[in-house]
2 protein chains.
Amino acid sequence: MGIVVVGTVAFDTVETPFGRGENVLGGSATYFSTSASFFTDVSLVAVVGEDFPQEHVSFLQSRDIDTTGLQRIPGKTFHWSGKYGYDLNEAQTLDTQLNVLMEFKPDLPESYRTADYLFLANIDPDLQMEVLEQMDRPKLVACDTMNFWIQGKPEELRKTLSRVDILLVNDAEARQLSGEWNVVKAARKIRGMGPRILIVKKGEHGVVMFTETGSFAAPAYPLEEVFDPTGAGDTFAGGFMGYLAGALKPDDDTLRRAVIMGSTLASFCCEAFSLDRLLRLTRAEIEERFRLFKRLTHFEAA
Amino acid sequence: MGIVVVGTVAFDTVETPFGRGENVLGGSATYFSTSASFFTDVSLVAVVGEDFPQEHVSFLQSRDIDTTGLQRIPGKTFHWSGKYGYDLNEAQTLDTQLNVLMEFKPDLPESYRTADYLFLANIDPDLQMEVLEQMDRPKLVACDTMNFWIQGKPEELRKTLSRVDILLVNDAEARQLSGEWNVVKAARKIRGMGPRILIVKKGEHGVVMFTETGSFAAPAYPLEEVFDPTGAGDTFAGGFMGYLAGALKPDDDTLRRAVIMGSTLASFCCEAFSLDRLLRLTRAEIEERFRLFKRLTHFEAA
């Protein structure tokens, strides 16, 4: 039981047509673990600098997230700056300051190594592999990546992919990784690289999951107010993996519900800046929106 | 029973990364009526020129489409030229020759006027209104439009909209018509203009229907080969309206299945140039893909 996640804990500066958040809490591992913490135990592996306030660590701990693996080293915390236009589907990166991330040597606490579930958030595939190798045979490994690694470290990424069960990427990344424009063809190629399950995230257009038994498509929840989509992909992954980790077995029905749970959490994430909406999210709200997803997509076959 | 459709019958010249079709049969009314003819009687109102070959008329008649309302007048048939890149979601119009369309005065045969269903395909809203006024109280009126009319004839379009039950447009058109970027807000505004049902078509990303009871989202069928999406929107409308016309009453369940049927027909349309795939499409294939849509979207609520 329980999920280990390796990824970034960061400061974000984000501008959208609806406002601006400066040096707010962000990072793939932060969003993932907050989201997954609604469903299961989460253990975090990441690095921050001396400037990272204790209150953020306390926040993670308040969600029962194990921060034993959160290293604090000399230097400044990773900082990402980005901007969204009215088309909230695509961020424009304004600045990336890797800072302490350049010195990151993941070192898993002994207590982490026997976890059943592992999520390798979007970081250097070499680091993803180092974490993977410190684990003691996890039952299920999922991973994310991005254009920067697909282009810059293709060999290393392929090595990681050969050992993961589930890959989560957006549609542009799926196309780049496979060299195929058509997403169905892209999925077949990528599934040939190792992951038996591919999840293609399309932002406001939803998600498609490709498995050995076929495909499953889920829309995004139609939101009337989208304030800030930053972290929605990692929040999706957290809801998805959290639901899987809490379920009895990851059969096709469970995987489908996990996709809907990921979409549910991601929809809340977009409703406010940073993790603000997730902070005050209740289990009752999650269950209600999950039910609305059923209503949103259901039709009788005849 | 039965649907009257007014729209274009045209020659298309289409280029995609997979080939080129020159002066092939096209037009909104052609795609619509071919698609709807799988489900119900269709009566066509359109205009062609002296250059329009009898074989195309015979084809429509072979589908039991009533062509009494297809006028043939001096001049050349409407001709559209367009091009698609690998992103098959968006056509680039290269040339539009209205030709006989500029002289079009719809004159409904007496036998058409009592039909229960009316589809006003994308043409001048003044012409849409003329057809509407010649009808003897249809039970259900649906309509399509485009940026050209939203911008060029806003008053006339508003008049038409005030008298239709269902509007079908793509997401960019919904935004332009409403002045709202957010599709949920756009839907509320547009439904305030008259149509109690709005269907937003998003190409490869599927469809969202907004009604008084909420929204219904359906993905597009994940195709491995998309050759030519020309006509997919009108083919969707034909499957949607055809299914409705063949059903007992247009309640929420029926509307949802009609959306899936529209998506089913549209997916076939994209598999070949012009109407080629629809020509050899069988009822068994339609039923099989409708079932696959259920499999593609279904999840158990708990």
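See the structure printed just above.
Residues numbered from 1 in each chain as written. Chains lettered and ligands numbered in written order. Predicted model: local features only at pLDDT ≥ 70, side-chain atom pairs only at ≥ 80, totals over all residues. Heavy atoms only, no water.

J.: Could you give an account of the relation of the copies chain B and chain A, naming the residues involved and the relevant values?
T.: Taken as rigid bodies, chain B and chain A are interconverted by a rotation of 180° and an axial shift of 0.0 Å, the fit giving an RMSD of 0.0 Å. Look at the turn and shift together and you get a two-fold axis relating the two. For chain B, the smallest separation between a C-alpha atom and the rotation axis is recorded for His 205 of chain B, amounting to 3.0 Å. Both copies share a contact surface, since 100% of the interface residues of chain B are interface residues in chain A too. (Least-squares fit on C-alpha atoms with pLDDT ≥ 70 in both. Contact = heavy atoms within 4.5 Å.)

J.: Requested: an account of the pairing of strand E13 (residues 214-218) of chain B, with residues and values cited.
T.: Look at any regular strand and the pattern is simple: side chains alternate between the two faces of the sheet. Residues and elements named next belong to chain B. In terms of burial, E13 is a largely internal element, four of the five residues being buried. Strand direction decides the pairing type here: strand E12 (residues 207-211) and E13, joined by five bridges, are antiparallel. Across the sheet, the residue bridging to Thr 211 is Gly 214, located in E13. Hairpin connection from E12 to E13: two residues lie between these consecutive antiparallel strands. (Buried < 20%, exposed > 50% of the residue type's maximum accessible area, 1.4 Å probe, protein only. Helix = DSSP H or I, 4+ residues; strand = E, 2+ residues; numbered from the N terminus. Pairing = 2+ DSSP bridges.)

J.: Can you explain a nonpolar patch on the surface? Please cite residues and give values.
T.: A cluster of nonpolar side chains, contributed by Phe 18 and Tyr 86 of chain A together with Trp 181 of chain B, occupies part of the molecular surface with about 330 Å² of accessible area. Relative to the helices and strands, Tyr 86 of chain A is located in the loop between strand E6 (79-84) and strand E7 (91-97). (Patch = residues over 30% accessible without salt bridge, like charges linked within 9 Å, V, L, I, M, F, W, Y side chains within 5 Å. Areas by Shrake-Rupley, 256 points an atom, 1.4 Å probe, with all protein chains shown as cover. Salt bridge = Lys/Arg side-chain N within 4 Å of Asp/Glu carboxyl O.)

J.: A description of the side chain of Thr 13 of chain B should follow, citing residues and the corresponding values.
T.: Residues and elements named next belong to chain B. Here Thr 13 is to be found in strand E2 (residues 10-16). Residue classification places Thr 13 among the buried positions, given a relative accessible area of 9%. Excluding residues within four positions of it along the chain, Thr 13 makes contact with Arg 20, Gly 21, Glu 22, Asn 23, His 79, Trp 80, Ser 81 and Gly 82.

J.: Tell me about empty space enclosed by the protein, and name the residues and values.
T.: If you walk through the whole model with that rule in mind, you get two cavities of 30 Å³ or more. One number sums up the size of the largest cavity: a volume of about 40 Å³. Every residue lining the largest cavity is listed: Met 209, Thr 211, Thr 213, Gly 214, Ser 215, Phe 216, Asp 252 and Arg 256 of chain A together with Arg 295 of chain B. For the lining of the largest cavity, the secondary-structure elements that each account for two or more residues are strand E12 (207-211), strand E13 (214-218) and helix H9 (252-269) of chain A. In terms of residue count, E13 of chain A provides more of the lining of the largest cavity than any other element does, three residues in total. Residue composition of the lining of the largest cavity, by class: two nonpolar, four polar and three charged. Of the pockets and cavities examined, the second largest cavity occupies roughly 30 Å³. Around the second largest cavity sit Met 209, Thr 211, Thr 213, Gly 214, Ser 215, Phe 216, Asp 252 and Arg 256 of chain B, which together line it. Sort the elements by how many residues they give to the lining of the second largest cavity and E13 of chain B lands first, with three residues. (1 Å grid on protein atoms, 1.4 Å probe; cavity = no way out; pocket = protein on both sides within 12 Å on 5 of 7 lines; lining within 4 Å. Points joined across faces, edges and corners; volume = space filled by probe spheres on them. Nonpolar A, V, L, I, M, F, W, Y, C, P; charged D, E, K, R; others polar.)

J.: Residue-level account of the pairing of E7 of chain A, with values.
T.: All names here are of chain A. With six bridges joining them, E6 and E7 adopt antiparallel strand pairing. Note on E7: the bridge partner recorded for His 79 is Gln 97. Hairpin connection between E6 and E7: a loop of six residues separates the two successive antiparallel strands.

J.: Quick one: what's the story with the sheet that holds strand E1 (residues 3-6) of chain B, residue by residue and with numbers?
T.: One key point about sheets: their strands pair by backbone hydrogen bonds, in either a parallel or an antiparallel sense. Residue and element names in this part refer to chain B. With mixed pairing, the nine strands of this open sheet are ordered in space as E5-E4-E1-E8-E9-E10-E11-E12-E13. Every other strand in the sheet has two partners, leaving strand E5 (65-72) and E13 as the edge strands with one partner each. Pairs of neighbouring strands in the sheet enclose a mean axial angle of 15°, with direction left out of account. (Axes fitted to C-alpha atoms, helices over the stretch in contact; angles between N-to-C directions.)

J.: Go over helix H2 (residues 54-62) of chain A, please, and point to the residues and values.
T.: Residue and element names in this part refer to chain A. Taken as a whole, H2 has its buried residues at His 56, Val 57, Phe 59 and Leu 60. Here the buried residues of H2 occupy an arc of 155° about the axis, which is enough to place them on one side. Every exposed residue of H2 that faces more than 90 degrees away from the buried side is listed here: Glu 55 and Ser 62. At its buried positions, H2 is contacted by strand E2 (10-16), strand E3 (19-26), helix H1 (28-36), strand E4 (42-48), strand E5 (65-72) and helix H10 (276-279). (Arc of directions from axis to C-beta.)

J.: Lay out the pattern of salt bridges in plain terms, naming residues and giving numbers.
T.: Evaluated as defined, the whole model comprises 44 salt bridges over all chains. For Glu 110 of chain B, the salt bridge identified is with Arg 113 of chain B, shortest N-O distance 3.9 Å. With relative accessibility at 63%, the residue Glu 110 of chain B sits in the exposed group. Taking the relative accessible area as the measure of exposure, Arg 113 of chain B reaches 21% and is therefore partly exposed. Each of Glu 271, Arg 277, Glu 285 and Arg 289 of chain A takes part in one network of salt bridges that share partners.

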